[in-house]
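The chain contents come next:
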Amino acid sequence: MALLEARNLTKYFGGLAAVNRVDITVNAGEIVGLIGPNGAGKTTCFNLLSGFLPPTAGSITFNGEALVGLKPHHIVKRGLVRTFQLTTLFLDMTVLTNVLLGLHLSSQRGFGRVLLSLRSFPREEITRTHEVLEFTGLAPYADELAKNLPHGRQRTLGIAMALAARPLLLLLDEPVTGMNLDESQQVMNLVKTIRDRGTTVLLVEHNMKAVMGTCERIVVLNFGEKLTEGTPSEVGSNRAVIEAYLGSGGEHA
Ligand SMILES: Nc1ncnc2c1ncn2[C@@H]1O[C@H](COP(=O)(O)OP(=O)(O)OP(=O)(O)O)[C@@H](O)[C@H]1O
Ligand SMILES: [Mg+2]
């Protein structure tokens, strides 16, 4: 069953079609890759799906409900949660507090009020936070300030914050960027475990080894348009895809 169905998704910035008539379907239980050269429109797609930007045209149906026009926190409440290409942590707060705040991404309370009432979090929220810290391997760092974590762990903390909100669909924007081989392997294993525990995943990533080894299906964007989609081996041997990447000069974000 389609969990997410975006049809004719289009976003213009002035005269530039950053996303142009793109259809994306994600079925429940899948890990789907969204790839393409720098500037292809991947992050813009995430911004549209998560309500951070209004589409110029197109429809988005998630879990049977239309999303266009809903505010980001209402979309989070429905179970669609995204991470950010650039890490957006509360750097001067502890790892534990960051995850607690992630849990409240879906709450009606403003961040200010959440911060004021840190000491009065309900027991079940503290329990949920510890579960997420265990699951993501961050438990030993619970009391560290986020700014003191190495880069790889900071990226994982971004995922932990998103997980705290109990997503049905998790949008990951370049989760392994800047990581060494070991770190990226750990994060991709985490992504598989997240899916195995019932969260569907849409993954943007430039690291082809990570994408090919993790995704069942891959959608390729180029200049805002869908170039092709298919299994990793279909996409990996597609001449147009290879040319798009060669044409981009192999640059990474
Ligand atoms: N808020 C904005 N205003 C104007 N132009 C934008 C905005 N956001 C993105 N763009 C442009 O839209 C196009 C697509 O950008 P986007 O960030 O979606 O690409 P991307 O596929 O995520 O690239 P990367 O792999 O480098 O992260 C680019 O040409 C970019 O400069
Ligand atoms: Mg991007």
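Up top you'll find the structure we're talking about.
Numbering of residues starts from 1 in every chain and runs along the sequence as written. The order in which chains are written sets their letters, starting at A; the order in which ligands are written sets their numbers, starting at 1. Owing to the predicted nature of the model, reporting of local features is limited to residues with pLDDT of at least 70; listing and counting of side-chain atom pairs is limited to 80 or more, with chain, interface and lining totals taken over all residues. No hydrogens and no water enter the side-chain calculation; it runs on all heavy atoms of the structure.

1. Examining the layout of surface pockets
Selection criterion: A cavity here means a set of points on a 1 Å grid, drawn over the protein atoms and nothing else, where a 1.4 Å probe fits but cannot get out; a pocket is an open set with protein on both sides within 12 Å along at least five of seven lines, and a residue lines either one if it has an atom within 4 Å of a point. Grid points are joined across faces, edges and corners, and a volume is the space filled by probe spheres set on the points. Helix and strand assignments follow DSSP, with helices taken as H or I runs no shorter than four residues and strands as E runs no shorter than two, numbered in order from the N terminus. Each residue receives one of three labels: charged for Asp, Glu, Lys and Arg, nonpolar for Ala, Val, Leu, Ile, Met, Phe, Trp, Tyr, Cys and Pro, and polar for the others, Gly being one of them. Segmentation into domains, and thus their bounds, comes from an automatic or database assignment.
Quantified by volume, the second largest pocket comes out at close to 260 Å³. Taken together, Arg128, Glu131, Val132, Phe135, Leu163, Arg166, Pro167, Ile194, Arg197, Gly198 and Thr199 make up the full set of residues lining the second largest pocket. Sorting elements by how many residues they give to the lining of the second largest pocket places helix α5 (residues 123–135) first, with four residues. Tallied by class, the residues present in the lining of the second largest pocket amount to five nonpolar, two polar and four charged. Counting the residues that make up the lining of the second largest pocket, at least three belong to each of domain 1 (1–79 + 167–253) and domain 2 (88–165).

2. Digging into the coordination of the magnesium ion (ligand 2)
Defined as follows: Counted as coordinating are nitrogen, oxygen and sulfur atoms within 2.8 Å of the metal, or 3.2 Å for Na, K and Ca, while water is not included, which may make sites look incomplete.
Donor atoms from the polypeptide that bind the magnesium ion (ligand 2) are Thr43 (OG1) and Gln85 (OE1), placed at 2.0 to 2.2 Å. Taken together, the residues Thr43 in helix α1 (residues 42–49) and Gln85 in the loop between β6 (80–82) and α3 (95–103) connect sequence positions 42 residues apart.

3. Quick look at helix α7 (residues 181–196)
To keep things clear, this is the line we draw: Given the number of residues in a helix, its expected span is that number minus one, multiplied by 1.5 Å. Buried, partly exposed and exposed residues are distinguished by accessible area as a fraction of the type maximum, computed with a 1.4 Å probe on protein chains only: under 20%, between the cut-offs, and over 50%, respectively. The reported arc concerns the directions from the helix axis to the C-beta atoms and nothing else. By definition in these notes, contact holds between two residues if any of their heavy atoms fall within 4.5 Å. Pairing of N or O atoms within 3.5 Å defines a polar contact, subject to two protein rules: one partner must be a possible hydrogen donor and the other a possible acceptor, and residues neighboring in sequence count only if both atoms are side-chain atoms.
Over its 16 residues, α7 runs 23 Å from end to end, which matches the ideal 22 Å to within 8%, given 1.5 Å per residue. Those residues of α7 that sit buried are Ser184, Val187, Met188, Leu190, Val191, Ile194 and Arg195. One side of α7 carries all its buried residues, which in axial view fall inside an arc of 150°. Within α7, the exposed residues directed more than 90 degrees away from the buried face are Leu181, Asp182, Gln186 and Asp196. Buried residues along α7 sit against β3 (31–35), α5, α6 (151–164), β7 (169–173), β8 (200–204) and α8 (208–214). For α7, the N-terminal capping position is held by Asn180, with its side-chain oxygen 3.1 Å away from the main-chain nitrogen of Asp182. Among the residues trailing α7, Gly198 stands out with phi positive, at a value near 110°.

4. Focus: the pairing of β7
As a reminder of what qualifies: For two strands to pair, DSSP has to find at least two bridges joining them. Handedness of a crossover is defined as follows: orient the strands so they point away from the viewer, and if the path from the first strand over the helix to the second runs clockwise, the crossover is right-handed.
Most of β7 sits out of view: five of its five residues are buried. Neither face of β7 is open: one carries Leu169, Leu171 and Asp173, the other Leu170 and Leu172, and all of them are buried. As paired elements, β7 and β8 share five bridges and run parallel to each other. Each bridged residue has a counterpart across the sheet, and for Leu169 the counterpart in β8 is Thr200. This β-α-β element, β7 to α7 to β8, shows right-handed connectivity.

5. Re the sheet that holds β8
So the rule is basically this: Where helices are involved, their axes are fitted lines through C-alpha atoms of the stretch in contact, as for all axes, and angles between N-to-C directions lie from 0 to 180°.
Spatially, β6-β7-β8-β3-β9-β10 is the arrangement adopted by the six strands of the open sheet, whose pairing is mixed. Two strands close off the open sheet at either side, each with one partner strand: β6 and β10 (225–230). Neighbouring strand axes in the sheet, compared pairwise and without regard to direction, differ in orientation by 20° on average. The sheet contacts of α6 involve β6 and β7, and relative to β7 the element is tilted by about 160°. Here α7 sits on the sheet in contact with β3, β7 and β8, set at roughly 150° to β8.

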